[in-house]
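Structural overview
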Amino acid sequence: MKYPPLSGWSLDDRDPETIKNWLKQAQWFHDHYFQAESEGWENLSANEAALVVGSHNGGLATPDMMMTLYEWFCRFGTEKPAYGLMHPHVWKAYTPLAQIASKLGAIQADPRIAIPALRRQAHVLVYPGGGKEVFRPYWERDQVKFYGRKGFIKLALRENVPIVPLVSWGAHETLIVLADIYEPMKAFLETFNLPWLFNLDPEVFPIYLGLPWGIAIGPLINFPLPAKIHLRIGEPIIFEHYGRKAAQDLAYVDHCYQLVLNQMQSQLDQLIAEVK
C-alpha cells in the first residue's frame, strides 16, 4: 500500500477533522483503559507560544503522550495550532504510524520546522529523551532522563519562549522494559558487517514484556497494557537570558538544561509521592 507524502516538514498536514475522529476513538481509552488524570493546565497559556517539554514511557505506543494530546485537544480545541516533534526515523521505519501522527500534528524533530511552528504562536511538544527514554528499564521509571540532549534548550532560548514542563506517572506499567542490549547488538552487527533494520540505527534495543508479543526484543510497536496514568503540567520555566547569543553559549545552555532537568525531576518526585 502506498501512503501520501506526509513527511513531517509541513505545518499544514495536521487535519482538524482527523483529530475530531481520533478524539471519539480515544475517549474510551482515556476514561476507562488508562483512567487518565491531569492537572496544571492553567500553566499553559492558550494565546502564547510555548515549548512543552515532557518525559514519557511505555514504548512506541507512548500512552502518556497520547493521553496528553487527548486532554490538550479537549481543552484548546482542534483548530488551535499544536505540534509534536517526532524522531525522523519514524517516517522511514514506521510509515503508517507516521501518516496518522502527521494528521494529528506531528512534525520532524528539527529546528527548521519547529521554529516556524513556534512563530505561529503554537504549543510545541517535545520529548528530549526520545527512544532511549521511552524504552528505559523499568527500574529507571521514576527518573527523568534526557541523555544530555540539549537542542530543546537552544530552541527555547533562540525563539524566546518559555519551557513548560510536563511529567507523567503510570505509563511505565503498560510495558515492562527488562534491559537495553543496544551496545551488544551494535557490536554483533559490526562484527559480521550486518545493517540495522531499515538501515537505521535505533539507539536503543530493548528486551521487554508487553502486548502483543509477550517477550519482545528490539524497538517493536507495542499495544499498551492497562494502567492508570497521571499527568502534571508545571509552571513555565523562564530563563534569565534569551536570544541567539544565549543559545550559542554552551555553558549557559548546560546551566539551563540542568535547571529544567532538576525541576522536572522534583516535579515527578512530588507526583509519585502523591499518587502512590
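Throughout, residues of each chain are indexed from 1 in the direction in which the sequence is written. Per-residue local features of the predicted model are confined to residues with pLDDT of at least 70, and side-chain atom pairs are confined, for both listing and counting, to 80 or more; whole-chain, interface and lining totals are unaffected and use all residues. Calculated side-chain values reflect all of the structure's heavy atoms, with hydrogen atoms and water omitted.

As recorded by an unreviewed UniProt entry, the protein carries the name Acyltransferase family protein and is attributed to Euhalothece natronophila Z-M001.

1. With respect to the overall build of the protein
A run of H or I in DSSP counts as a helix once it spans at least four residues, and a run of E counts as a strand once it spans at least two, with each numbered from the N terminus. Across its full length, the protein carries 10 helices and 10 strands. Classification of residues uses two cut-offs on accessible area relative to the type maximum, computed with a 1.4 Å probe and protein chains only: under 20% is buried, over 50% is exposed, and between them is partly exposed. Burial statistics for the protein: of 276 residues in total, 51% are counted as buried. It only takes one pair of heavy atoms within 4.5 Å for two residues to be counted as in contact. Within the protein, contacts between residues at least 6 apart in sequence are counted, and of these 78% link residues at least 24 apart. Every accessible area reported is derived by Shrake-Rupley at a probe size of 1.4 Å, with residue values counting cover from the shown protein chains alone. For the protein, the computed accessible surface area is about 13,600 Å², with 57% contributed by carbon and sulfur atoms. Here the protein carries 25 positive and 29 negative side-chain charges, and the mean point of each set is 5 Å from the other. A residue counts as positive if it is Lys or Arg and as negative if it is Asp or Glu; His and the chain ends are not included. Here the site of a charge means atom NZ of a Lys, CZ of an Arg, CG of an Asp or CD of a Glu.

2. So, helix α2 (residues 63-76)
Each residue after the first adds 1.5 Å to the expected span of a helix. Over its 14 residues, α2 runs 20 Å from end to end, which matches the ideal 20 Å to within 8%, given 1.5 Å per residue. Along α2, the residues classified as buried are Pro63, Asp64, Met67, Thr68, Tyr70, Glu71, Trp72, Phe73 and Phe76. Among the residues trailing α2, Gly77 stands out with phi positive, at a value near 90 degrees.

3. Describing the environment of Trp72
Tracing the sequence through the fold places Trp72 in helix α2. Assessed through its relative accessible area of 7%, Trp72 is described here as buried. For the pair formed by Trp72 and Val52, sequence separation is 20 residues and the distance between their alpha carbons is 12 Å. Setting aside chain neighbours within four positions, we find Trp72 in contact with Trp41, Leu44, Gly77, Lys80, Pro81, Ala82 and His123.

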